[in-house]
Amino acid sequence: MLRLRLEPRGARSAMWAAASPLLAVALTVVGAGAIFALLGRAPGEALYTFLIAPLLSPTGVPELFVKAAPLILIGVGLALGFRANVWNIGAEGQFSLGAVFGGGLALAYPDAPAIILFPAMMVAGVLGGMALAAIPAYLRTRFNANEILTSLMLSYVMQFALIYLVTGPLRDPQGYGFPQSALFSDSATAPILIEDTRVHLGVLFALLAAVGGWIVLERSVSGFALRVLGQAPRAARFAGFQEKRLVWLALLVSGGLSGLAGLFEVAGPIGQLLPKLSPGYGFTAIIVAFLGRLHPLGVVPAALVLGLSYLGGDAAQIDLGLPSAVTGIFQGVLLFFLLACDVLILYRVRIVRRGAAPSLKIPGAA
Amino acid sequence: MSGPEEPAPLPEPPLLELRGIVKRFPGSLANDRIDLKLASGRIQALLGENGAGKSTLVKIMYGVLRPDAGEIRWRGKPTMIANPAHARRLGIGMVFQHFSLFDALTVAENIALGLDDPEDRKGLLSRMAEISARYGLPLDARRVVHDLSVGERQRIEIVRCLLQKPRLLIMDEPTSVLTPQEVERLFSTLRQLAAEGCGILYISHKLEEIGALCEEATILRQGRVVAACDPRRETHHRLAELMVGAEIKRPARRKRAASPAPPRLVVDRLSVRSDRQFGTDLKEISLTVGAGEIFGIGGIAGNGQTELMEALSGEIAAGRPDAIRYDGKAIGGLDVPARRALGACFVPEERLGHGTVEAMTLAENGFLSAYVRRSLAKLGLIDRRRADRFAVDVIGRFDVRGGGPGSEARTLSGGNLQKFIVGREILQQPTLLVVNQPTWGVDVGAAIAIQQAIVDLADSGAAVVLISQDLDELLGVCDRLAIIAGGRLSPPRAAADMTMGEIGLLMGGVGPRSADAAA
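Anyway, here's the lowdown on the structure attached to this text. What you are looking at is a predicted structure, and each value in this text was computed from that prediction instead of being measured. (Residues numbered from 1 in each chain as written. Chains lettered and ligands numbered in written order. Predicted model: local features only at pLDDT ≥ 70, side-chain atom pairs only at ≥ 80, totals over all residues.)

1. Description of the overall build of chain B
Inference 1: Within chain B, the regular secondary structure consists of 17 helices and 23 strands.
Inference 2: By the compact-globule yardstick of 24 Å for 519 residues, chain B fits well, its C-alpha radius of gyration being 25 Å.
Inference 3: Principal-axis analysis of the C-alpha atoms gives chain B an extent of 85 × 50 × 40 Å.
Inference 4: Across chain B, every contact between residues at least 6 apart in sequence was considered, and the portion connecting residues at least 24 apart equals 69%. (Helix = DSSP H or I, 4+ residues; strand = E, 2+ residues; numbered from the N terminus. Rg over C-alpha atoms; globule rule 2.2 N^0.38 Å. Contact = placed C-beta atoms within 7 Å.)

Following this line, the structure appears as structure tokens:
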């Protein structure tokens with residue numbers, strides 16, 4: 001009888017570090033097919049509808065970038081922090097507060113010229129995200145409180161704060177009581193970059209953030225300090241990199257980018273403040289960061305894969321009559337396989353025959 | 001009588017015999033066709049530098065590793081030692097260099113946890129007391145381990161082994177943490193065991209001890225047996241050359257300043273609370289180091305060396321700013337880069353994870369500590385060309401083998417990585433260098449190169465603080481010497497006037513305290 005055994009490699013495998021996400025995506029496609037089959041759909045057809053058909057329509061690829069843009073913005077910031085072992089899990093809330101700060105400005109000055117209003121909204125969005133991320137940063141550096149818990153819990157606080165705002169102070173007075181704000185004016189709307197699509201300025205900023213994040217991480221002293229802190233905290237102290245400063249840096253950068261993503265989402269595809277602004281971008285971006293190997297440039301293809309799961313989810317709802325939870329299932333299965341495949345970076349799989357394993361035979365032990 | 005058809009009772013077969021043992025690791029051949037015989041009642045030595053394959057070989061004997069080829073015979077019978085529990089059942093006991101004890105549990109609890117068979121726990125206390133008395137290993141079963149000295153901790157491990165009544169006892173570098181007096185006590189225990197018929201395999205690279213204790217030595221180099229000899233009949237020099245495979249020169253004695261130089265580093269009643277669990281607080285440490293002087297600090301590991309090192313480097317707060325003064329300036333409140341900017345450089349004890357980041361390249365690890373003094377950053381960006389050139393410079397000037405600026409730190413051997421770290425600090429032309437255990441676990445060749453570099457730096461006018469457990473090293477290169485025990489520093493004395501015996505007593509915490517000296 002055969003069985004599989006994991007053996008330590010003794011060193012990280014560079015090959016598997018790169019190949020693991022690809023294998024995970026492949027296994028996820030197979031897994032998704034199996035789930036479709038269990039749900040009574042022809043797996044081939046369902047996968048085609050879910051993963052390929054959305055790209056074939058004329059607006060398919062531009063739409064994919066629209067979905068990927070917030071994932072890239074958030075994912076780049078998270079990747080920088082995760083490299084330093086700073087675990088910001090609250091990007092979803094920072095996204096919302098960025099949207100509220102920027103959107104609030106848009107609602108307060110609808111008639112201001114775009115050239116002033118829109119940059120101001122972007123700054124406000126960044127500050128909003130930073131403001132929410134500053135709370136876990138303070139708690140961690142002052143009281144050594146775990147930022148995973150504090151940032152995550154603040155996301156739920158923010159979720160209710162947003163509902164309060166759009167049903168109360170920011171509700172559209174002419175909106176027939178619907179829980180939503182007024183539509184943003186034209187000068188408060190993100191400029192469209194490609195005509196007849198929804199590709200807005202945020203897509204460009206997302207790509208710039210990826211390149212910028214890469215330069216920061218690989219070339220700057222701060223990025224180096226973040227990497228050292230993540231890999232060897234004592235070496236960081238020896239080098240003179242202050243942990244508290246780096247924790248603040250990691251949380252403010254990832255919070256700011258999440259806030260910017262939120263601003264672009266409300267000023268772009270949505271156009272107003274709603275009780276629910278994000279289909280879980282802040283959490284999905286965690287998967288994006290890991291699938292992209294915590295590398296700012298790797299985040300871009302990873303965000304496209306997960307962006308596709310949102311497009312596919314819509315298509316599955318319309319054409320296959322499946323619930324939109326398909327998107328969440330796809331993302332969960334992908335994370336599952338990614339973590340499983342990452343085992344191969346440190347371990348190799350050996351096939352052994354049961355009974356022939358030398359460890360089970362102890363001659364001379366009697 | 002001696003015909004092959006007649007299976008005559010041969011003279012007793014060796015206790016343990018290894019034949020053609022081969023063990024490969026990715027990228028290296030740790031053991032290459034090793035033959036070794038161990039006999040009852042004899043104390044045999046296994047000698048070799050770090051990386052010669054000693055640890056791999058004893059792990060095979062103890063069932064931790066399995067050989068790729070070769071045969072193990074236990075008392076004449078071919079045997080596959082499956083795991084350490086199996087080795088213990090056969091009668092093989094091992095005392096590891098690094099103890100596996102739970103700090104928060106008592107001596108008796110630790111010993112009970114280490115027993116394979118729950119039945120053995122019956123009457124454990126009385127058997128422990130019996131073994132303690134019989135072999136001169138005093139132990140109080142009720143004490144908690146973290147209150148014990150390293151020597152006492154080692155006794156726990158030895159008693160734990162002896163409870164299993166071993167026929168063969170393997171000791172892996174047992175004396176690296178002991179005072180000279182504790183070493184002597186350990187030796188008499190081992191001699192008594194051998195006299196009772198137990199075979200002993202003693203692993204070390206300390207040649208004096210081998211000559212004093214062992215009847216036979218097997219020398220390993222690069223995974224092979226290169227010689228077997230009677231260590232009592234060879235000179236230490238000859239044994240060392242066999243280990244290294246080359247001629248050895250000790251570091252050149254330096255010209256010592258005739259008159260005491262003006263003090264550069266003044267530490268004045270430095271008291272620091274340790275920031276780690278079971279760490280040692282520093283208590284009123286005072287010392288002065290002059291330009292061109294090497295000030296040695298000896299002592300057993302864990303007596304405050306790490307805390308002293310980190311307080312001097314700025315990694316932990318020094319309390320009062322004027323507790324540490326450098327060229328007249330109070331630097332106790334400055335952070336690490338500010339101290340470096342003033343001319344201080346540091347070599348911490350841990351090479352991986354403290355002195356370097358193991359998965360980063362040598363260029364990046366050069367940047368890690370040299371970015372201040374060598375201006376390796378511009379406008380917040382790393383100047384990669386300069387960082388690369390600096391790493392190449394260190395590698396060339398300090399003969400770092402096995403990697404270039406793009407190699408990751410962990411791919412280098414311990415000795416080469418240590419040469420890189422020491423070189424990285426010395427090439428920053430410090431006027432103060434603090435080094436902690438610079439040659440610990442480093443092969444003889446690299447150790448001498450490192451000591452020579454430190455001596456040369458002092459000769460060029462720098463003040464050097466050398467923290468070390470290696471008494472030969474301290475006596476060999478230091479001008480003045482003090483011993484740290486329990487976070488207190490003994491009054492310094494000229495190294496030339498100190499004897500091993502005195503140092504040993506101070507290491508055990510006996511003798512005048514620095515508080516008296518400061519008064």
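2. Examining the overall build of chain A
Inference 1: Of regular secondary structure, chain A possesses 13 helices and 2 strands.
Inference 2: On the principal axes, the C-alpha backbone points of chain A span a range of 90 × 60 × 35 Å.
Inference 3: Each of the 366 residues in chain A was classed as buried or not, and the buried ones make up 48%. (Buried ≥ 20, exposed ≤ 12 C-beta atoms within 10 Å, placed from the backbone.)

3. Details of the pairing of strand S19 (residues 432-436) of chain B
Side-chain direction in a regular strand flips from residue to residue, so the side chains alternate between the two faces of the sheet.
Residues and elements named next belong to chain B.
Inference 1: The buried fraction of S19 amounts to 5 of the 5 residues, a majority that puts the element mostly inside the structure.
Inference 2: Side chains of S19 alternate between two faces, with Leu 432, Val 434 and Asn 436 and Leu 433 and Val 435 buried alike.
Inference 3: Bridge analysis of strand S16 (residues 344-347) against S19 gives 4 bridges, and the strand direction is parallel. Across the sheet, residue Phe 346 finds its bridge partner in S19, namely Val 434.
Inference 4: Sheet analysis places S19 next to strand S20 (residues 463-467), joined by 5 bridges and oriented parallel. Each residue of the ladder has a partner; that of Leu 433, found in S20, is Val 464.
Inference 5: In the classification by handedness, the crossover that spans S19, the intervening helix H14 (residues 444-459) and the parallel S20 is right-handed. (Pairing = 2+ DSSP bridges. Right-handed = clockwise from strand over helix to strand, strands pointing away.)

4. What about the environment of A:Arg3?
Inference 1: Of note, A:Arg3 is situated in strand S1 (residues 2-8).
Inference 2: Measuring from C-alpha to C-alpha, the distance between A:Arg3 and A:Phe95 comes to 47 Å, with 92 residues separating the pair along the chain.

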